[in-house]
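Understanding the architecture of this molecule
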Amino acid sequence: MKRILVTGGAGFIGSHLVKFLVRKYPEYRIINLDKLTYAGNLSNLKEVENAPNYQFIRRDITNLQELRKVFEEIKITDVIHLAAESHVDRSIEDPTSFVLTNVLGTTNLLICAREFWKNNFQEHIFYHVSTDEVYGSLGAEGLFKEETAYDPRSPYSASKASSDHLVRAFHHTYGLNTVLSNCSNNYGPNQFPEKLIPLVINNILVNRSLPVYGEGLNVRDWLWVEDHIKAIDLIFHKGRSGETYNIGGNAEMRNIDLVHLICDLMDKKLNRDPLSSRKLITYVKDRLGHDLRYAIDFSKLQNELFWSPSVSIEEGMQLTIDWYLDHNDWLRDVTSGEYMKYYQKHYSN
Ligand code: NAD
Ligand code: TYD
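Reading guide: rules and limits
- Residues numbered from 1 in each chain as written.
- Chains lettered and ligands numbered in written order.
- Predicted model: local features only at pLDDT ≥ 70, side-chain atom pairs only at ≥ 80, totals over all residues.
- Heavy atoms only, no water.
- Helix = DSSP H or I, 4+ residues; strand = E, 2+ residues; numbered from the N terminus.
- Rg over C-alpha atoms; globule rule 2.2 N^0.38 Å.
- Buried < 20%, exposed > 50% of the residue type's maximum accessible area, 1.4 Å probe, protein only.
- Contact = heavy atoms within 4.5 Å.
- Lys, Arg positive; Asp, Glu negative; His and termini not counted.
- Charge placed at Lys NZ, Arg CZ, Asp CG, Glu CD.
- Near = heavy atom within 4 Å.
- Polar contact = N/O pair within 3.5 Å; in protein donor to acceptor, adjacent residues only side chain to side chain.
- Areas by Shrake-Rupley, 256 points an atom, 1.4 Å probe, with all protein chains shown as cover.
- Nonpolar A, V, L, I, M, F, W, Y, C, P; charged D, E, K, R; others polar.
- Right-handed = clockwise from strand over helix to strand, strands pointing away.
- Pairing = 2+ DSSP bridges.
- Core = buried A, V, L, I, M, F, W, Y, C linked by side-chain atoms within 4.5 Å.
- Salt bridge = Lys/Arg side-chain N within 4 Å of Asp/Glu carboxyl O.
- Axes fitted to C-alpha atoms, helices over the stretch in contact; angles between N-to-C directions.

Turning to the overall build of the protein, a few remarks are in order. If you tally the helices and strands in the protein, you get 12 helices and 12 strands. A compact globule built from 349 residues would reach a C-alpha radius of gyration of about 20 Å, and the protein, at 20 Å, matches this within 12%. Principal-axis analysis of the C-alpha atoms gives the protein an extent of 65 × 50 × 35 Å. Counting across all 349 residues of the protein, residues that qualify as buried make up 55%. For the protein, long-range pairs separated by at least 24 residues make up 82% of all intrachain contacts whose partners lie at least 6 apart in sequence. Taking the average location of the 39 positive side-chain charges in the protein and that of its 45 negative ones, the two points are 4 Å from each other.

Dropping the structure here:
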């Protein structure tokens, strides 16, 4: 029986993955290990919290001894590792927490996997979920390929690049059975409203200004989160050992065009005057070291495992906005810090 440790399962992408795996594979046991930082939210997992094949444990991946106990007691068979500090702006303010969680935390998990699986590495998979930001920044042309040299430029991407290197090092040095994927910007329900899309949706709802960094000309490639989950499922089950797969949305947009799209859709949904949300746009000081453009060549994943994105950005944005409008309580709780108070009360040990 597979006992899969999903780290960061209370976060945005992790919670979608946990729900997907719990439902699709009743024969697997899914253990969600999460520290519950500001970005982790158990209400993302309500639909599966009582499922017989699901278990939540609150742990910090920077604590090696605690992780060893988890591997020992639960007899973890596989890892899908998503826990991370994930927001570039926070990494500019506080690089150390990114090094601790993303670099030290990943190393701790690799050490446990090596120790507990050493007699039969081939029967166990260590899947590391990473980002396209490790490749650096593109000009107007070109795409990131799996062979593109790493050139991380923010403390966030530098810490993720470092964790990617460690995963590959454990494959090459000790023979650990690893797979790795580097994905473009995700969007969809349950994303914490510090990232661009939910931040803009929330600010429109409460009539607050929409901060666009610099001139809004930076380009990101956007992927509907459920498409990322399907890719992870395929790579986990069918990816080749030691390989890396790029995952992308084929949906490049300049930030300002994306913000316009959200404004116009929100005006329609909220029955506001056309163009009224656009008036909230405010150009603000640019992010330090702001990467200009990310774009992904995902042909390896497409050709080997027959994956491609299934939801267009227009369709996905409608679904995302509908979700936030239907879950005002979720937004209110995470923006008011109510859910953190709840955790402090219930998990104070
Ligand atoms: P998120 O910030 O929403 O969630 C991160 C989760 O990790 C939270 O639940 C948090 O509580 C947990 N966590 C943080 N530090 C921890 C620690 N020390 N120990 C245990 N748990 C800890 O992040 P996300 O957007 O869901 O991203 C998940 C993963 O996917 C990350 O590794 C990120 O680098 C990668 N990724 C994200 C995107 C994106 O667009 N969001 C794109 C590509 C790759
Ligand atoms: P973000 O969602 O933080 O993701 P990432 O930095 O990982 O790509 O930001 C997406 C883009 O939007 C990025 O170019 C920075 C920009 N941005 C703004 O213009 N205003 C904002 O308030 C935020 C959070 C981001």
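Moving on from the model shown.
Glancing now at the site of ligand 2. Around ligand 2 there are 17 residues in total, and Glu133, Pro211, Arg220, Arg287 and His290 lie nearest to it. A distance of 2.5 Å separates an oxygen atom of ligand 2 from a polar side-chain atom of Arg287. When ligand 2 is considered free in solution it has 510 Å² of accessible area, and contact with the protein chains removes 96% of it. For the shell around ligand 2, the leading source of residues is strand S8 (residues 210–213), giving 3 residues. Of the residues belonging to the shell around ligand 2, the class tally is 7 nonpolar, 5 polar and 5 charged.

Of note in the backbone geometry, Lys75 takes a positive phi value of approximately 55° without being a glycine. Inspection of the secondary structure assignment puts Lys75 in the loop between helix H2 (64–74) and strand S4 (78–81). Since its relative accessible area comes to 47%, Lys75 is described here as partly exposed. Backbone geometry places Asn190, a non-glycine residue, at a positive phi of 70°. Mapped onto the secondary structure, Asn190 falls in the loop between strand S7 (185–187) and helix H6 (196–205). The class of Asn190 is buried, set by a relative accessible area of 7%.

Along the chain, the position of Ser159 falls in helix H5 (residues 155–174). For Ser159, the side chain forms a polar contact with the side chain of Asn102, separated by 3.0 Å. Not counting chain neighbours up to four residues away, the residues in contact with Ser159 comprise Phe98, Val99, Asn102 and Val103.

By the criterion of burial, strand S1 (residues 3–7) is predominantly enclosed, with 4 of the 5 residues buried. With respect to chirality, the unit in which S1 leads through helix H1 (residues 12–24) into the neighbouring parallel strand S2 (residues 29–34) is right-handed. The sheet contact formed by S1 and S4 spans 4 bridges and is parallel. Pairing of Val6 across the sheet is with Ile80, part of S4.

Quick look at the nonpolar core now. Core analysis: the largest hydrophobic core is formed by 81 residues, its most contacted members being Ile80, Tyr127, Ile262, Ile313 and Met317. When residues of this core are assigned to their parent elements, the largest contribution, 8 residues, is made by helix H8 (residues 255–269). Sequence-distant contacts of Ile80, defined by excluding residues within four places in its chain, comprise Ile4, Leu5, Val6, Thr7, Leu17, Leu21, Tyr127, Val129, Ile232 and Phe236. With 24 residues, the next largest nonpolar core counts Leu64, Phe71, Leu110 and Ala113 among its residues.

Moving on, we come to the pattern of salt bridges. Inspection of every chain in the model, using the stated rule, returns 19 salt bridges. Among the ionic pairs, Lys69 bridges to Glu66, the shortest N-O distance being 3.4 Å. Here Lys69 and its partner Glu66 are both found in helix H2, 3 residues apart, which amounts to about one turn of the helix. For Lys69, a relative accessible area of 45% puts it in the partly exposed group. Glu243 is paired through a salt bridge with Arg240; the nearest N and O atoms lie 3.6 Å apart. Shared partners join several salt bridges into a network, and the residues in it are Arg240, Glu243, Lys300 and Glu304.

Strand order in this open sheet of 3 strands is S7-S9-S11, and the pairing throughout is mixed. Sheet topology places S7 and strand S11 (252–254) at the edges, where each strand pairs with a single neighbour. For this sheet the average axis-to-axis angle between neighbouring strands, irrespective of direction, equals 50°. Summarising the sheet, S7 and strand S9 (residues 219–224) pair through 3 bridges and their orientation is parallel. If you follow Asn186 over to S9, its bridge partner there is Leu223. Relative to the sheet, H8 contacts S9 and S11, its axis offset from that of S11 by approximately 90°.

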